[in-house]
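Structure assessment
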Amino acid sequence: MFAVVFVLGAGVQASNAQTVFFSENIGSGSGTQSIAATTFQNGAPVTFSGTADTRSTGVSSGYAGASGGKNVFFTGTAGTNFVISGINSSNYENITLQL
């Protein structure tokens, strides 16, 4: 099993400038929760789903923007996933994703 810690920022890059149009800190709280039971930083129209879970162990720290609250945990089970839907990117081009 392994943990993936997200500091998710979707943005566009023009020259050396960057515009972040979506960021998510995976919420806060304690213990292990299903994706459906987690209260995330962003709400509707953005939705979160998947078979991974969120945990308050091994949280992000030590860098700018680290949320330090929770992380998304992917078990070693094949097909484990985490899906974020509903991010409006219609006004942007040349989009990059940073994890």
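Quantities reported herein were computed from a predicted structural model and do not represent experimental measurements. (Residues numbered from 1 in each chain as written. Predicted model: local features only at pLDDT ≥ 70, side-chain atom pairs only at ≥ 80, totals over all residues. Heavy atoms only, no water.)

By size, the foremost hydrophobic cluster in this structure holds 11 residues: F21, F22, I26, I35, F40, V46, F48, A52, V72, F74 and F82. Contributing elements (two or more residues each) for this core: β3 (17–24) and β7 (71–74). (Core = buried A, V, L, I, M, F, W, Y, C linked by side-chain atoms within 4.5 Å. Buried < 20%, exposed > 50% of the residue type's maximum accessible area, 1.4 Å probe, protein only. Helix = DSSP H or I, 4+ residues; strand = E, 2+ residues; numbered from the N terminus.)

Residues of the chain with pLDDT of at least 70 account for 82%, and the chain-wide mean is 80. Across the chain, the secondary-structure element scoring lowest on mean pLDDT is strand β1 (residues 2–4), at 35, and the one scoring highest is strand β5 (residues 47–50), at 96. Per-residue pLDDT stays below 50 along residues 1–11; that stretch engages in 47 contacts with residues further than four places along the chain or on separate chains. (pLDDT = per-residue confidence, 0-100. Contact = heavy atoms within 4.5 Å.)

Another aspect to go through is the pattern of salt bridges. Under the definition given, this model contains one salt bridge. When the shortest N-O distance is used, the salt bridge between D53 and R55 registers 2.7 Å. For D53, a relative accessible area of 13% corresponds to the buried category. (Salt bridge = Lys/Arg side-chain N within 4 Å of Asp/Glu carboxyl O.)

Here we take up the packing of aromatic side chains. When we look at a pair of aromatic rings, we describe it by the centre distance and by the angle of the planes. This structure, assessed with the given rule, holds four aromatic pairs. Judged by centre distance (4.4 Å) and plane angle (10 degrees), the rings of F21 and Y92 are stacked. Here Y92 lies in the loop between β8 (82–85) and β9 (95–98) and F21 lies in strand β3, a separation of 71 residues in the sequence. Judged by centre distance (4.0 Å) and plane angle (15 degrees), the rings of F40 and F48 are stacked. A relative accessible area of 10% places F40 in the buried class. (Phe/Tyr/Trp six-rings, centres within 6.5 Å; stacked < 30°, edge-to-face > 60°.)

Once that is clear, we can look at unusual backbone geometry. Residue P45 is reached from A44 by a cis peptide bond, and omega for that bond is 15 degrees. Position of P45 among the secondary structure elements: in the loop between β4 (32–34) and β5. Residues other than glycine seldom take positive phi values, yet I26 does so here, at roughly 65 degrees. Mapping I26 onto the fold places it in the loop between β3 and β4. The phi dihedral of N94 is positive, around 55 degrees, even though this residue is not glycine. Looking at the secondary structure, you find N94 in the loop between β8 and β9.

Mapped onto the elements, G65 comes out in the loop between β6 (53–55) and β7. Here the alpha-carbon distance between G65 and N25, two residues 40 residues apart in the chain, equals 8.6 Å.

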